[in-house]
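# Examining the three-dimensional arrangement
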Amino acid sequence: MYGYMAYNVTPAQLTKAMKGEGSARKYYKKLVAMAPNERESDIIEHFYEDETKHLSKFRMLFEMTTGKEPEIGSIKAPDFGSYIEGVEQAILDELEAYEFYRDIYLASNNPVVKDVFFEAFTDENEHAAHLNYIYTKNKDR
């Protein structure tokens, strides 16, 4: 049965989440290419894979709640000049996504929605922690 009321998440919230994940994927592809070493590149590549997983799950939820394929439009390219600038902005973006996903998780009583958003907000928090490590390690270079 379609209808977002049963899921406690709106199509607009899911569209915002999908756009955010699509943007994060582009962001991380650029950061991977700028990473100063293989270890940091591997860490950031893992973030890219997580964002791809989140995007897929949000698409699935959108289709479950609306019965339609999502239309998220074009995703803007990342805009940062240096690796450290990109890492700093990514920290802020991850924390913002964490809060958005956590709030949806807390507002829902649907176990499917809760599972998807719990995984997403815990991953975003993990990304922010790793990015803080990368930022601290590279900020004085």
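In the block above lies the structure referred to throughout.
Just so it is clear, the structure is predicted and the values come from calculations on it, not from any experiment.

### Describing the packing of aromatic side chains
Inspection of every chain in the model, using the stated rule, returns 11 aromatic pairs. Seen in terms of ring centroids, Tyr98 and Phe121 are 5.5 Å apart; in terms of plane orientation they differ by 75°. Their pairing is edge-to-face. Here Tyr98 is found in helix α3 (residues 83–107), whereas its partner Phe121 is found in helix α4 (residues 111–138), with 23 residues between them in sequence. On the basis of relative accessible area, Phe121 is assigned to the buried category, the value being 10%. The structure contains a cluster of three or more aromatic residues connected by ring pairs, namely Tyr27, Tyr28, Phe47 and Phe80. Here the guanidinium or amino end of Lys114 rests over the ring plane of Tyr105, the centre of that ring lying 3.9 Å away.

### Some remarks on the environment of Gly86
Its location among the elements puts Gly86 in helix α3. Placed 12 residues apart in sequence, Gly86 and Ser74 show a C-alpha to C-alpha distance of 21 Å. When residues no more than four places from it in sequence are discounted, the contact partners of Gly86 are Tyr27, Leu31 and Phe80.

### Digging into the side chain of Thr65
Mapped onto the fold, Thr65 is located in helix α2 (residues 38–66). Using a relative accessible area of 3% as the deciding quantity, one classes Thr65 as buried. Of note is the side chain of Thr65, whose polar atom sits 3.1 Å from the backbone oxygen of Phe62.

### Details of the side chain of Glu124
By secondary structure assignment, the location of Glu124 is in helix α4. Lys53 provides the closest opposite charge to the buried, unpaired Glu124, separated from it by 8.7 Å. Excluding residues that lie within four positions of it along the chain, Glu124 makes contacts with Glu21, Glu51, His54, Glu94, Ala97, Tyr98 and Tyr101.

Basis of the calculations
Residues numbered from 1 in each chain as written. Predicted model: local features only at pLDDT ≥ 70, side-chain atom pairs only at ≥ 80, totals over all residues. Heavy atoms only, no water. Phe/Tyr/Trp six-rings, centres within 6.5 Å; stacked < 30°, edge-to-face > 60°. Helix = DSSP H or I, 4+ residues; strand = E, 2+ residues; numbered from the N terminus. Buried < 20%, exposed > 50% of the residue type's maximum accessible area, 1.4 Å probe, protein only. Lys NZ or Arg CZ within 6 Å of the ring centre and 35° of its normal. Contact = heavy atoms within 4.5 Å. Polar contact = N/O pair within 3.5 Å; in protein donor to acceptor, adjacent residues only side chain to side chain. Lys, Arg positive; Asp, Glu negative; His and termini not counted. Salt bridge = Lys/Arg side-chain N within 4 Å of Asp/Glu carboxyl O.

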